[in-house]
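Single-letter residue listing:
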Amino acid sequence: MKSIIDVIKKRHSVRNYSNKPIEKDKVQQIEAYLKNNTQGPLGSTLRFKLFDATDYDPAELKKFGTYGFIKGSRAYIAGVVKSNVTAMEDFGYCMEKNVLFATGLGLGTCWLGGTLNRSTFAQMMNVTEDEILPAVTPIGYAKERKSLKESFIRLAVGADNRKKTEELFFDNSNTIPLVMNSSGQYSKVLDAVRIAPSASNKQPWRIIKGVGNRYHFFMKEDTAYNTAFKNIKIQNVDMGIAMCHFELSAIELGLKGVWKIEEPAIESGDFKYIVTWVG
Ligand SMILES: Cc1cc2nc3c(=O)[nH]c(=O)nc-3n(C[C@H](O)[C@H](O)[C@H](O)COP(=O)(O)O)c2cc1C
């Protein structure tokens, strides 16, 4: 059994893929995993599909439309979620589980919420009126070397940098940084959140520790950015990704808890409340 925390540490965005196809048994494992990944932690219903484009000719492959950001990928995972107030968080959570499953199989991925031809993927998924397609990911073996464009994108968004813990995690209000080594095993859980992927690496997650093992999740929203894609709130998707890293790491460390939306009465400034982990 692979440690999920190790898998989380290993994951990074891959934008340059080798032409080695994904082996049949891995395709089957992925398809089985996607088939069961249909329920978000906050109640939304989802469906995911693997498009293995190995048999497609190059012209067909171009249809996948990622504006040149992704090179050489032969397969994609696309997903849709039923419209719902928590649809974006649920999508982020469930899609990140797919991403980590792929990472565990030795495959590369890259969340695409901006640089994709959404309508092409929506068509392939037969999206219905009450469904939303927030993002997709290519999936496949990484090429040994990054492409020049990939290196440029990583540099542009500072992909290898993460905010310091004192900018992300707080104690009882939005002003006092959490003393990480006073949080016991939860400090490892928070570390796993810190290295999560986020759109343009903006890392909007802010977590305020409340009474006991209550961890309140807030979003430091970049409003212009988060409303740029109409009904797709890409930073709320980021929040779901943070929930995924938090919960999977907590489970691995034997820390039990449940998600609750409870609007805590604590000072949180301009942070937007999302959800609480009640440990
Ligand atoms: C919701 C979401 C949407 C993203 N959209 C794109 C995208 O459209 N194009 C792209 O090249 N990268 C995209 N990314 C990848 C991020 O830029 C990347 O996760 C971040 O820079 C951190 O790098 P890392 O994933 O290698 O740790 C997206 C990531 C997330 C979480």
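The preceding data block contains the structure.
In this text the structure is predicted, and so the values were computed from the model without any measurement. (Residues numbered from 1 in each chain as written. Predicted model: local features only at pLDDT ≥ 70, side-chain atom pairs only at ≥ 80, totals over all residues. Heavy atoms only, no water.)

Enquirer: Honestly, the side chain of N98 in this entry has me stumped. Any pointers?
Expert: Along the chain, N98 turns up in helix 4 (residues 87-104). Each residue touching N98, except ones within four places of it in the same chain, is listed here: Y33, L34, N37, F48 and I77. (Helix = DSSP H or I, 4+ residues; strand = E, 2+ residues; numbered from the N terminus. Contact = heavy atoms within 4.5 Å.)

Enquirer: Please explain the site of the ligand as it appears in this structure.
Expert: Taken together, 23 residues are adjacent to the ligand, and S13, R15, G114, T115 and R162 come closest. In this structure, an oxygen atom belonging to the ligand sits 2.8 Å away from a side-chain N or O atom of R15. If you list the elements that add at least two residues to the shell around the ligand, you get helix 6 (148-157) and helix 10 (234-252). With 4 residues, helix 10 is the largest single contributor of residues to the shell around the ligand. The class makeup of the residues in the shell around the ligand is 11 nonpolar, 7 polar and 5 charged. (Near = heavy atom within 4 Å. Polar contact = N/O pair within 3.5 Å; in protein donor to acceptor, adjacent residues only side chain to side chain. Nonpolar A, V, L, I, M, F, W, Y, C, P; charged D, E, K, R; others polar.)

Enquirer: Help me understand the packing of aromatic side chains in this model?
Expert: As enumerated under the stated definition, the model contains 15 aromatic pairs in all. For the pair F218 and Y273, a centre-to-centre distance of 5.5 Å together with 70° between the ring planes defines the contact as edge-to-face. Of the two residues, F218 sits in strand 8 (residues 214-219) while Y273 sits in strand 10 (residues 272-278), which places them 55 residues apart along the sequence. An aromatic cluster is present here, built from Y186, Y215, F217, F246, W259 and W277 joined pairwise through their rings. Here K149 stacks its cationic end above the ring of F69, 5.1 Å away from the centre of that ring. Over the face of the ring belonging to Y225 we find K202, whose NZ or CZ atom lies 4.8 Å from the ring centre. (Phe/Tyr/Trp six-rings, centres within 6.5 Å; stacked < 30°, edge-to-face > 60°. Lys NZ or Arg CZ within 6 Å of the ring centre and 35° of its normal.)

Enquirer: I'm lost on the environment of K143 in this one. Help?
Expert: Tracing the backbone through its elements, the reader meets K143 in the loop between strand 5 (136-140) and helix 6. For the pair formed by K143 and G158, sequence separation is 15 residues and the distance between their alpha carbons is 21 Å. Every residue in contact with K143, bar those within four places of it in the chain, is listed here: N16, Y17 and S18.

Enquirer: Is there a simple way to think about the pattern of salt bridges in this case?
Expert: A side chain of one charge can pair with a side chain of the opposite charge when the charged atoms of the two come close. Scanning all chains against the criterion turns up 7 salt bridges. Notably, a salt bridge pairs D222 with K202, separated by 2.9 Å at the nearest N-O pair. On the criterion of sequence distance, the pair formed by D222 in the loop between strand 8 and helix 9 (223-226) and K202 in the loop between helix 8 (186-194) and strand 7 (205-209) is long-range, its members being 20 residues apart. The exposure class assigned to D222 is partly exposed, which follows from its relative accessible area of 28%. When the shortest N-O distance is used, the salt bridge between E262 and R214 registers 2.9 Å. One end of the pair, E262, is in the loop between strand 9 (258-260) and strand 10; the other, R214, is in strand 8, with 48 residues separating them in the sequence. Taking the relative accessible area as the measure of exposure, E262 reaches 26% and is therefore partly exposed. (Salt bridge = Lys/Arg side-chain N within 4 Å of Asp/Glu carboxyl O. Buried < 20%, exposed > 50% of the residue type's maximum accessible area, 1.4 Å probe, protein only.)

Enquirer: Is there a simple way to think about helix 10 in this case?
Expert: An α-helix turns once every 3.6 residues. As a result, residues three or four positions apart point the same way. Taking 1.5 Å of rise per residue, 19 residues should cover 27 Å, and helix 10 covers 27 Å from first to last C-alpha, within 8% of that figure. Across the 19 residues of helix 10, 17 count as buried, placing the element largely inside the fold. Of the residues flanking the end of helix 10, it is G254, one or two places downstream, whose phi is positive at about 80°. (Expected span 1.5 Å × (residues − 1).)

Enquirer: Would you mind showing me how to read unusual backbone geometry here?
Expert: Backbone geometry follows two general trends: most residues other than glycine have a negative phi, and most peptide bonds adopt the trans configuration. A positive phi angle, near 50°, is found at N201, a position not held by glycine. Tracing the chain through its elements places N201 in the loop between helix 8 and strand 7. Overall, N201 belongs to the buried group, its relative accessible area being 11%. Despite not being glycine, Q203 shows a phi value in the positive range, around 50°. With a relative accessible area of 4%, Q203 lands in the buried category.

Enquirer: Could you clarify how one ought to interpret the state of the cysteines in this entry?
Expert: In protein structure, a disulfide is the covalent linkage between the sulfur atoms of two cysteines. This model, assessed by the stated rule, comprises 0 disulfides. Free of any disulfide, C110 has its nearest neighbouring cysteine sulfur in C244, separated by 16 Å. C244 takes part in no disulfide bond, and the closest cysteine sulfur, belonging to C94, lies 8.1 Å away. (Disulfide = S-S within 2.5 Å.)

Enquirer: Is there a simple way to think about the packing of helix 2 (residues 24-36) against helix 4 in this case?
Expert: If you want to describe how two helices pack, look at the angle between their axes and the distance between the axes. Running from N to C, helix 2 and helix 4 point in directions that differ by 160°, and their axes come no closer than 11 Å. Considered as vectors, helix 2 and helix 4 are oriented roughly antiparallel to each other. Regarding helix 2 and helix 4, the two cross each other, and that crossing is right-handed. In this structure, helix 2 contributes Q29, I30, Y33 and L34 to the contact, and helix 4 contributes K97, N98 and F101. Split into classes, the residues belonging to the contact of helix 2 with helix 4 amount to 4 nonpolar, 2 polar and 1 charged. (Axes fitted to C-alpha atoms, helices over the stretch in contact; angles between N-to-C directions. Parallel < 35°, antiparallel > 145°, perpendicular 65-115°, else oblique. Left-handed = near helix turned anticlockwise from the far one by under 90°.)

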